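An overview of the molecular structure
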Amino acid sequence: MRCAVIRFVAFEDLGVWEPEIAAHGYAVRYLDVGVDDLAPAADADLTVVLGAPIDAGGATRYPVLSEVHDLVVSRLREGRPTVGVCLGAQIMALALGGAVERGEREVGFAPVSLAEAAHASPLRHLDGVPTLHWHRDIVTLPEGATSLASTDTTAHQAFSYGKSLAVQFHPEADPEAIERWLIGHSGDLESWGIDPRDLRAAALEHGDAAAVAGVLMIREYMRSLEPVGRGGWPGS
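Notes on the structure in this doc start here. Quick caveat: nothing in here was measured; it's all calculated off a predicted structure.

All right, on to the sheet that holds strand E8 (residues 146–150) then. In a beta sheet, neighbouring strands are held together by backbone hydrogen bonds and run either parallel or antiparallel to one another. The strand order across the open sheet formed by 8 strands is E2-E1-E3-E4-E10-E9-E8-E6, and the pairing between neighbours is mixed. A strand with exactly one partner marks an edge of an open sheet, and here the two such strands are strand E2 (27–32) and strand E6 (113–114). Two strands pair when backbone bridges link them, and strand E3 (residues 46–49) and strand E4 (residues 82–85) are joined in this way by 3 bridges, in the parallel orientation. Paired with Val49 across the bridge in E4 is Gly84. Of the strands in this sheet, strand E1 (2–7), E3, E4, strand E9 (158–161) and strand E10 (164–167) touch helix H2 (residues 64–77), which is tilted by about 140° from E3. Contacts from helix H6 (residues 196–224) reach E3, E4 and E10 within the one sheet, and its direction differs from that of E10 by about 160°.

Pasting the structure below:
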């Protein structure tokens, strides 16, 4: 089975999720936006759309977003399992007819409040566990989607739609690699008035629990998927 990973920036990857996805028999292939042909993600058995420091509705400035949006629309219409993280979740919301708006910035480790439906979902493993947040935009819940989590400033931190899952925060992030995030976002952190030393300390304090919860979450999600194809990537 094939897992396509749409990646916008190198340091925002599958993190702690990658070994778990591979352990379930998926051949993982990264497709770098603006560099690689994204077509293989259209019919992959699972596609993950990762995060980036750009706006989901910013296709006039970053035209490649239109290609990603159309690909996600097609997958969701066809019921193909798709996971969106941060920007990926926002693209999923737009693809389903929802909206993305400016909210309050959330950067750092904090728990999410689970909706009742989430206690019977893979997100149950995140209950009470501080996980990494790194976003400002918020989504309106698309018709047919189920809200799974919230915080005081973000009503829909996660939602599901059929076999697909969207999370605004970062349960995939590997706290051992937090330095890549701090360097990659150094300009933003300075303009936001956020000290990277505080984030580094928070990753050290909460990272182990967040990593375990993230692995358990994606493990349960992978177990929920029935095989919809077979075989590795062409040429692999």
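Following the structure, the description resumes.
Before going further, it helps to spend a moment on the pairing of E4. A regular strand places its side chains so that they alternate between the two faces of the sheet. Burial along E4 is two-sided: the face carrying Thr82 and Gly84 and the face carrying Val83 and Val85 are both buried. Running through H2, the crossover from E3 to the neighbouring parallel element E4 is right-handed. Pairing of E4 with E10 involves 3 bridges; the strand directions are parallel. Its bridge partner being in E10, Gly84 is matched across the sheet by Ala166.

Residues Asp36, Asp37, Glu67 and Asp70 make up a contiguous surface patch of negative charge. Turning to its location among the elements, Asp36 is positioned in the loop between E2 and E3. Here Asp36 falls in the partly exposed class, since its relative accessible area comes to 31%.

Let's shift gears to the environment of Arg7. If you trace the backbone, Arg7 turns up in strand E1. Sequence separation between Arg7 and Leu31 is 24 residues, and the spatial gap between their C-alpha atoms is 6.0 Å. Once residues within four sequence positions are removed from consideration, Arg7 is found in contact with Glu12, Asp13, Tyr30, Leu31, Asp32, Val33 and Leu50.

Here is what the cut-offs are and how they apply
- Residues numbered from 1 in each chain as written.
- Predicted model: local features only at pLDDT ≥ 70, side-chain atom pairs only at ≥ 80, totals over all residues.
- Heavy atoms only, no water.
- Pairing = 2+ DSSP bridges.
- Helix = DSSP H or I, 4+ residues; strand = E, 2+ residues; numbered from the N terminus.
- Contact = heavy atoms within 4.5 Å.
- Axes fitted to C-alpha atoms, helices over the stretch in contact; angles between N-to-C directions.
- Buried < 20%, exposed > 50% of the residue type's maximum accessible area, 1.4 Å probe, protein only.
- Right-handed = clockwise from strand over helix to strand, strands pointing away.
- Patch = residues over 30% accessible without salt bridge, like charges linked within 9 Å, V, L, I, M, F, W, Y side chains within 5 Å.
- Areas by Shrake-Rupley, 256 points an atom, 1.4 Å probe, with all protein chains shown as cover.
- Salt bridge = Lys/Arg side-chain N within 4 Å of Asp/Glu carboxyl O.
- Lys, Arg positive; Asp, Glu negative; His and termini not counted.
- Charge placed at Lys NZ, Arg CZ, Asp CG, Glu CD.

It is worth stressing that arrangement in space is one thing and function is another; only the former is reported here.
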